[in-house]
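The lines below spell out each chain.
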Amino acid sequence: MKANSRAPAKAKATEEYLLTTKLFCGNCGRLLVGESGKGHMGTIYRYYKCGGAKRKKGCTLKAVKKEWIEYTVVQLTVSMVLQDTVIDRIADAIFRLQDEEDTMTPVIKQQLNNCETEIQNVMTAIRKGIITETTKTALDELETQREHLRTSLAQIQLERHKFTKEEIVAWISQFKNGDINDVSFQKEIIDVFVNSVYVYDDKLLLTFNYKDGTRTITLEEINTILSSDTSNCIQPEKRTLRFAKSFFQQDKSLGDL
């Protein structure tokens, strides 16, 4: 969120550029910046332009139409990621990640084990006849500490719901029924699944938010998928393909799964 707030496109654009901070130039590696301008007939054109090309730093990458690149990235993401085999692999990783991300439970359990050991040591001393104010005080304090730790552990487990793999699969699969022409759906797909997109003269390199999720696709292949004139960056025709909106609405991706 901090990076997005400082992004050049955010400062200049009145309309949201969905690929801000995720779109890069394949030639020089710089960010592509959201721009807009008016034609001689008053038509407003929106596009992404390489920062290096804009500032004449020697980059020759041409500007890319905003609507076309956003639609294309979403369509490719849907077709490449929302496949049953990929969803199953992502669900496995997320299911395992739930335990890896829980750092508090192991710590509290260890503290609880240590506390139980100390209580047993005090009880052993008492059984041997070592009964003093010190042992009584120590036992009371340890038992109070144990109760606090048990309460903390129960609270964490109550607040932290662990999803089953089946629930995760169903959660991701709901994206399949969203409207690919809906801007809010496009934003969800980009925010959740897309890590970065590198634009070249003849291809796109997409990296998705899961392990080994990098794909290179040529403009010829994109042209086949979208049935549009990609060489001239013409916005693809509206389609009736529908993919579901999901409650995956968060300002972070799935991480490097």
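So, how was this worked out
Residues numbered from 1 in each chain as written. Predicted model: local features only at pLDDT ≥ 70, side-chain atom pairs only at ≥ 80, totals over all residues. Heavy atoms only, no water. Pairing = 2+ DSSP bridges. Helix = DSSP H or I, 4+ residues; strand = E, 2+ residues; numbered from the N terminus. Expected span 1.5 Å × (residues − 1). Buried < 20%, exposed > 50% of the residue type's maximum accessible area, 1.4 Å probe, protein only. Axes fitted to C-alpha atoms, helices over the stretch in contact; angles between N-to-C directions. Parallel < 35°, antiparallel > 145°, perpendicular 65-115°, else oblique. Contact = heavy atoms within 4.5 Å. Nonpolar A, V, L, I, M, F, W, Y, C, P; charged D, E, K, R; others polar.

A. Molecular detail of the sheet that holds strand β3 (residues 44-50). Pairing is antiparallel across the open sheet formed by 3 strands, whose spatial order is β2-β3-β4. Pairing within the sheet leaves two strands with one partner each, and these edge strands are β2 (32-38) and β4 (64-65). The pairing of β2 with β3 spans 7 bridges and is antiparallel. Bridge pairing links Glu35 to Tyr47 in β3.

B. The arrangement of helix α6 (residues 104-127) in detail. Here α6 is 24 residues long and its end C-alpha atoms lie 35 Å apart, about the 34 Å a rise of 1.5 Å per residue gives. Listing the buried residues of α6 in full gives Thr105, Ile108, Leu112, Cys115, Ile119, Val122 and Ala125. Residue Gly129 follows α6 closely and has a positive phi angle near 95 degrees.

C. Here's a closer look at the packing of helix α4 (residues 66-81) against helix α10 (residues 219-226). Orientation of α4 relative to α10, taken along the N-to-C sense of each, is 80 degrees, at an axis distance of 11 Å. By the criterion of interaxial angle, the relationship of α4 to α10 is roughly perpendicular. Counted together, Trp68, Tyr71, Thr72, Gln75 and Leu76 of α4 and Leu219, Ile222, Ile225 and Leu226 of α10 form the full contact between these two elements. Looking at the contact of α4 with α10, its residues break down into 7 nonpolar, 2 polar and no charged.

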